[in-house]
Amino acid sequence: MRDVLFSFVRLLDPVSGLDLHGDLLLRDGRIADFGPSLGRPDDAAVVAEQGGVLCPGLVDMRAALGEPGYEYRETIASAAEAAAAGGITTLAALPDTLPAIDDPALVRLLRARGDETGSLTILPYGAVTVGCRGEELAELGLLAEAGAIAFTDGSRALGSARLMRLALSYAKGFGARIVQHPEEPSLADGGAATEGELATRLGLPGIPAAAEVILVARDIQLAALTGGAVHFAHVSTAEALQLIRQAKADGINVTCDTAPPYFDLNETAIGDFRTYAKLSPPLRKDADRLAVVAALADGTIDAIASDHQPRDADDKRQPFAQATPGGTGLATLLSITLAQVHSGAISLGQAIELLTARPARLLGVEAGRIGKGLPADLCLFHPERIWQVEAGRLPGKAQNTPFDGRALEGVVLGTWKAGRRVFG
Amino acid sequence: MSYRQKHLLAIEGLYPPEIGHLLDLAESYVLLNRSGKTQRDLLRGRTLINLFFEDSTRTRTSFELAGKRLGADVINMSVSTSSVNKGETLLDTAATLNAMHCDLLVVRHDQSGAPNLLAQKVDAAVINAGDGTHEHPTQALLDALTIRRRKGRLEGLIVAICGDVLHSRVARSNIHLLTTMGSRVRVVGPPTLMPTEAERLGVEVFHDMERGLAGADIVMMLRLQRERMQRGLVPSAREYFRFFGLDAAKFAVAKPDALVMHPGPMNRGVEIDSAVADDPHRSVIREQVEMGVAVRMAVLDTLSRGHGRNEF
């Protein structure tokens, strides 16, 4: 493989303390060297982008893939294409597929299928319960041994307090984290939108914000009780974030992520029954959105995940309450996050940390860093260049973006996986 | 200003002159209907399809009669939502209807927003005949016409809407219409049947019939479905009737000339006592049905003229 020299770009990896304008050299799939000026090796291909920022390849800690079982929505190949276009080189895949990832062989299969793409490392989550049905614990030890990075039932909440206690307690023995979809099922059942004025006007069954708060409060108690590690996915309410903030201060082993829709959109996006903006959890009131932004800024939120949920047209062309929730998020992950940088809510360094090193550390994988000798997983982007999101023209198969029509600043120019250019 | 939309999907968002236009036109159809005349040339050659995904004899019949009195070719289609995949049926049906070149499409569906979805897919003017727990615009118009004819106005009247407001599309449409036209609207019912942040719709919320009905000009009762009791939203029919059913004693706190209304069909002995429902001086429930035909004639007439389409 030919050497690649990035010439005079901004090198940014805040967790490593790296932020300089200079050069970076790739050799044999790894980062060979970087510094203010490296000179130019004779046979290197040169990548020069005025104003470009080179950061670690993004680590997306929460995405659903269509495979296995829902290939009509998305295949691993199409997800890898969308991920590469979004600068993502490592992706943690949810286990509530068909069949669910509740068997060691399926964990190994997903890892191998990721390697086959050549552009994306897939980190499989294992199911907490058999079939993600919330009834009996899956073989967490065997799944962990096969390479499951953490455990979750994906988009289904672990509703039983007893089962959650068992899961936290048992997983602790294997050093594994339980990832919860924090939504009390009996309060959320049948709901289609956040309970409140808008749902009342549209005549849609509501899900109270309290459904999230209750499960977060409960699971913090269970984490304290068991000493287990709990991670709350796509946190979307002010009160749940406040509970997590306090739990962290109390030294309880709790972490959380959020997804771009929850800091970029509010519930009004569903106006006129727009099913592409029907998500789970539902989009919230603007006060909650602002609380998510504040929690990104103060570090309460540990990672930004795409929460990619591929859907096909028939899933969405339904009356609102019957439409399947979920939005695509791979190609827009970086740009929507950068909107918070442009608005001044967070720094560029914070944004990159939340998309790279912090989720990698949380998952316990060596990724999301720039360092000599590390695998060359990199993302080159221009933070100010503009593009427009258009459903139907996004990379990959799934087109159900809640951001349709949005003009965004921040374009991914190229993505490298183990030294090989996989996008741009 | 007359009516400016292509469809009639909701009352929310309509301006007072648009509502006024529809009510004035309906008024003229009341007189026409009472004189026994018809206007069969008005919609001659136009096709009206009644597309009902939910059973409703009275609303469908009312639209059918309205269409026929104006000379339209009326076709009734009842689609069972249980037999096939629901969404598939809806969009497949939309494609079929488009191929038939229907002019006016009346839709009843058990899902909020279904007529909006259809309106995006068909060329016809879509009339919402009730969607889920969202809106039932022609019911609100006929209620308003009934009130206006009896009281001479809408502005300043105190209207108490009582019962299962949470699940009622009739309540939502009436709230939007009456508040837009300057009435003072109260909603009365147990907290479990009251939508969250109902007061944000511009109404006063009461959980007590005596206080909610005090001094009211109009008492509008809503139907309570048995299913609500099965889901535990109210413990029993007899408890509901005791506290929220309209009987002579509760009605007595309203104004002496207050009128009682009900969109039908009534559950006698659950939300309303027969003595009140059948009171010839105070109950206008049968008159509502008569106004329904006139209002639907006005809506069909207006939409078939395609005001909205010509203004773009």
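Residues numbered from 1 in each chain as written. Chains lettered and ligands numbered in written order. Predicted model: local features only at pLDDT ≥ 70, side-chain atom pairs only at ≥ 80, totals over all residues. Heavy atoms only, no water.

K.L.:
Help me understand the overall build of chain A, please; the structure alone is not making it clear to me.
P.N.:
When its secondary structure is counted, chain A shows 14 helices and 18 strands. A compact globule built from 424 residues should have a C-alpha radius of gyration of about 22 Å, and chain A, at 21 Å, falls within 12% of that. Principal-axis analysis of the C-alpha atoms places the extent of chain A at approximately 65 × 50 × 45 Å. Residue burial in chain A is summarised as follows: out of 424 residues, 61% are buried. Residue pairs in contact within chain A that sit at least 24 positions apart in sequence constitute 74% of those at least 6 positions apart. For chain A, the exposed area adds up to about 14,900 Å²; of that, 49% sits on carbon and sulfur atoms. Charged side chains in chain A number 39 positive and 52 negative. The centres of these two groups are separated by 1 Å. (Helix = DSSP H or I, 4+ residues; strand = E, 2+ residues; numbered from the N terminus. Rg over C-alpha atoms; globule rule 2.2 N^0.38 Å. Buried < 20%, exposed > 50% of the residue type's maximum accessible area, 1.4 Å probe, protein only. Contact = heavy atoms within 4.5 Å. Areas by Shrake-Rupley, 256 points an atom, 1.4 Å probe, with all protein chains shown as cover. Lys, Arg positive; Asp, Glu negative; His and termini not counted. Charge placed at Lys NZ, Arg CZ, Asp CG, Glu CD.)

K.L.:
Whenever I open this one, the overall build of chain B confuses me. Can you help?
P.N.:
Assigned secondary structure in chain B consists of 13 helices and 9 strands. The C-alpha radius of gyration of chain B comes to 19 Å, within 12% of the 20 Å expected for a compact globule of 312 residues. Among the 312 residues that make up chain B, the fraction classed as buried is 59%. Long-range contacts, defined here as pairs at least 24 residues apart, represent 73% of the contacts in chain B between residues at least 6 apart. About 12,800 Å² of surface is accessible on chain B, with carbon and sulfur atoms providing 48% of the total. Averaging the coordinates of the 39 positive side-chain charges in chain B and doing the same for the 37 negative ones gives two points 3 Å apart.

K.L.:
Please clarify how the interface of chain B and chain A should be interpreted in this entry.
P.N.:
Quoted interface sizes are often the accessible area lost when the parts come together. Contact with chain B, which involves 23 residues of that partner, is made by 17 residues of chain A. Where chain B abuts chain A, roughly 1,700 Å² becomes buried across the two surfaces, and 50% of that area is made up of carbon and sulfur atoms. Across the contact surface, chain B and chain A share 3 salt bridges. Among the ionic pairs, Glu 197 of chain B bridges to Lys 285 of chain A, the shortest N-O distance being 3.2 Å. Between chain B and chain A we count 11 residue pairs in polar contact (both at pLDDT 80 or more) in total. Of all elements in the fold, only α3 (86-99), α4 (114-121) and α6 (169-180) of chain B reach the threshold of two or more residues within the side of chain B that touches chain A. A class-by-class count of the residues in the side of chain B that touches chain A yields 6 nonpolar, 11 polar and 6 charged. (Buried area = accessible area lost by both parts, 1.4 Å probe. Salt bridge = Lys/Arg side-chain N within 4 Å of Asp/Glu carboxyl O. Polar contact = N/O pair within 3.5 Å; in protein donor to acceptor, adjacent residues only side chain to side chain. Nonpolar A, V, L, I, M, F, W, Y, C, P; charged D, E, K, R; others polar.)

K.L.:
Quick question: what am I supposed to make of the nonpolar core here?
P.N.:
In summary, soluble globular proteins display a tendency toward joint burial of nonpolar side chains. Counting residues in hydrophobic clusters, the biggest one holds 91 residues, and the most contacted among them are Ile 178, Phe 232, Leu 334 and Phe 381 of chain A. Beyond its immediate sequence surroundings of up to four residues, Phe 232 of chain A is in contact with Gln 180, Pro 182, Leu 215, Val 216, Asp 219, Ile 220, Ile 244, Val 254, Thr 255, Cys 256 and Asp 257 of chain A. Membership of the second largest hydrophobic core comes to 61 residues, among which are Ile 11, Ala 140, Ala 171 and Val 295 of chain B. (Core = buried A, V, L, I, M, F, W, Y, C linked by side-chain atoms within 4.5 Å.)

K.L.:
I keep staring at the environment of His 7 of chain B and nothing clicks. Help me out?
P.N.:
Residue and element names in this part refer to chain B. By secondary structure assignment, the location of His 7 is in the segment before α1 (16-34). A C-alpha to C-alpha distance of 39 Å links His 7 and Pro 256, two positions 249 residues apart in sequence. With near-sequence residues (within four places) excluded, His 7 lies in contact with Ala 119, Ala 124, Ala 125, Val 126 and Leu 303. A distance of 2.8 Å separates a polar side-chain atom of His 7 from the backbone nitrogen of Val 126.

K.L.:
Help me understand the pairing of strand β16 (residues 378-388) of chain A in this model?
P.N.:
Taken residue by residue, a regular strand's side chains alternate between the two faces of the sheet. All names here are of chain A. In this sheet, β16 lies alongside strand β5 (residues 53-56) in antiparallel orientation, the contact comprising 4 bridges. Bridging across to β16, Pro 56 finds its partner in Leu 378. As paired strands, β16 and strand β17 (residues 407-417) are joined by 8 bridges and run antiparallel to one another. In the sheet register, Leu 380 faces β17, and the bridge partner there is Gly 414. (Pairing = 2+ DSSP bridges.)

K.L.:
Would you take a moment to explain the packing of helix α5 (residues 137-151) of chain B against α6 of chain B for this structure?
P.N.:
Working note: a packed helix pair is described by the angle between its axes plus the distance between those axes. Residue and element names in this part refer to chain B. Direction vectors running N to C along α5 and α6 enclose 55°, while the axes themselves pass 8 Å from each other. Our classification of the angle between α5 and α6 gives oblique. Along this stretch, α5 crosses α6, giving a crossing that reads as right-handed. Across from Pro 137, Gln 139, Ala 140, Leu 141, Asp 143, Ala 144 and Ile 147 in α5, the residues of α6 making contact are Val 170, Ser 173, Asn 174, Leu 177 and Leu 178. Broken down by class, the residue content of the contact of α5 with α6 amounts to 8 nonpolar, 3 polar and 1 charged. (Axes fitted to C-alpha atoms, helices over the stretch in contact; angles between N-to-C directions. Parallel < 35°, antiparallel > 145°, perpendicular 65-115°, else oblique. Left-handed = near helix turned anticlockwise from the far one by under 90°.)

K.L.:
I tried to follow the layout of surface pockets on my own but got confused; where do I start?
P.N.:
With a probe scaled to a water molecule rolled over the atoms, the places where space remains empty come into view. Residue and element names in this part refer to chain A. Taken as a whole, the second largest pocket spans an internal volume of roughly 700 Å³. What lines the second largest pocket is a set of 36 residues, and nearest its centre among them are Asp 96, Ser 155, Arg 156, Ser 280 and Arg 311. Listing elements by their share of the lining of the second largest pocket, those giving two or more residues are α5 (185-188) and α9 (260-264). Sort the elements by how many residues they give to the lining of the second largest pocket and α9 lands first, with 3 residues. Split into classes, the residues belonging to the lining of the second largest pocket amount to 16 nonpolar, 13 polar and 7 charged. (1 Å grid on protein atoms, 1.4 Å probe; cavity = no way out; pocket = protein on both sides within 12 Å on 5 of 7 lines; lining within 4 Å. Points joined across faces, edges and corners; volume = space filled by probe spheres on them.)

K.L.:
What am I meant to see in the sheet that holds strand β7 (residues 204-206) of chain B here?
P.N.:
Strand-to-strand pairing in sheets goes through backbone hydrogen bonds, with the strands running parallel or antiparallel. Residue and element names in this part refer to chain B. With parallel pairing, 5 strands are arranged side by side in an open sheet as β7-β6-β5-β8-β9. Only two strands of the sheet have a single neighbouring strand rather than two, namely β7 and β9 (259-261). Sheet twist, expressed as the mean angle between neighbouring strand axes with direction ignored, is 20°. Both strand β5 (residues 158-162) and strand β8 (residues 218-221) contribute to a ladder of 4 bridges, which runs parallel. Its bridge partner lying in β8, Cys 162 is registered against Met 221. Against the sheet, α5 touches β8 and β9, its axis set at about 165° to β9.

K.L.:
What is the right way to read helix α2 (residues 57-69) of chain B from this model?
P.N.:
The periodicity of an α-helix, 3.6 residues per turn, causes residues three or four positions apart to be oriented the same way. All names here are of chain B. End to end, α2 covers 18 Å across 13 residues, agreeing with the expected 18 Å (1.5 Å per residue, within 8%). Thr 59, Ser 62, Phe 63, Glu 64, Ala 66 and Gly 67 are the residues of α2 that are buried. The inward-facing, buried residues of α2 contact β1 (47-52), β2 (73-78), β3 (104-109), β4 (125-131), α5 and α12 (285-304). Count one or two residues on from α2 and you reach Gly 71, which has phi positive near 90°. (Expected span 1.5 Å × (residues − 1).)

K.L.:
Just checking my understanding: could you explain the pattern of salt bridges for this structure?
P.N.:
A side chain of one charge can pair with a side chain of the opposite charge if their charged atoms are brought near each other. Per the stated rule, a full pass over the model turns up 39 salt bridges over all chains. A salt bridge links Arg 200 of chain B to Glu 197 of chain A, with the shortest nitrogen-to-oxygen separation between them at 3.0 Å. Of this pair, Arg 200 of chain B sits in the loop between β6 (184-188) and β7 while Glu 197 of chain A sits in helix α6 (residues 197-202), which puts the two residues in different chains. Three or more residues are tied together by salt bridges with common partners; here these are Glu 197 and Arg 201 of chain A together with Glu 12 and Arg 200 of chain B.

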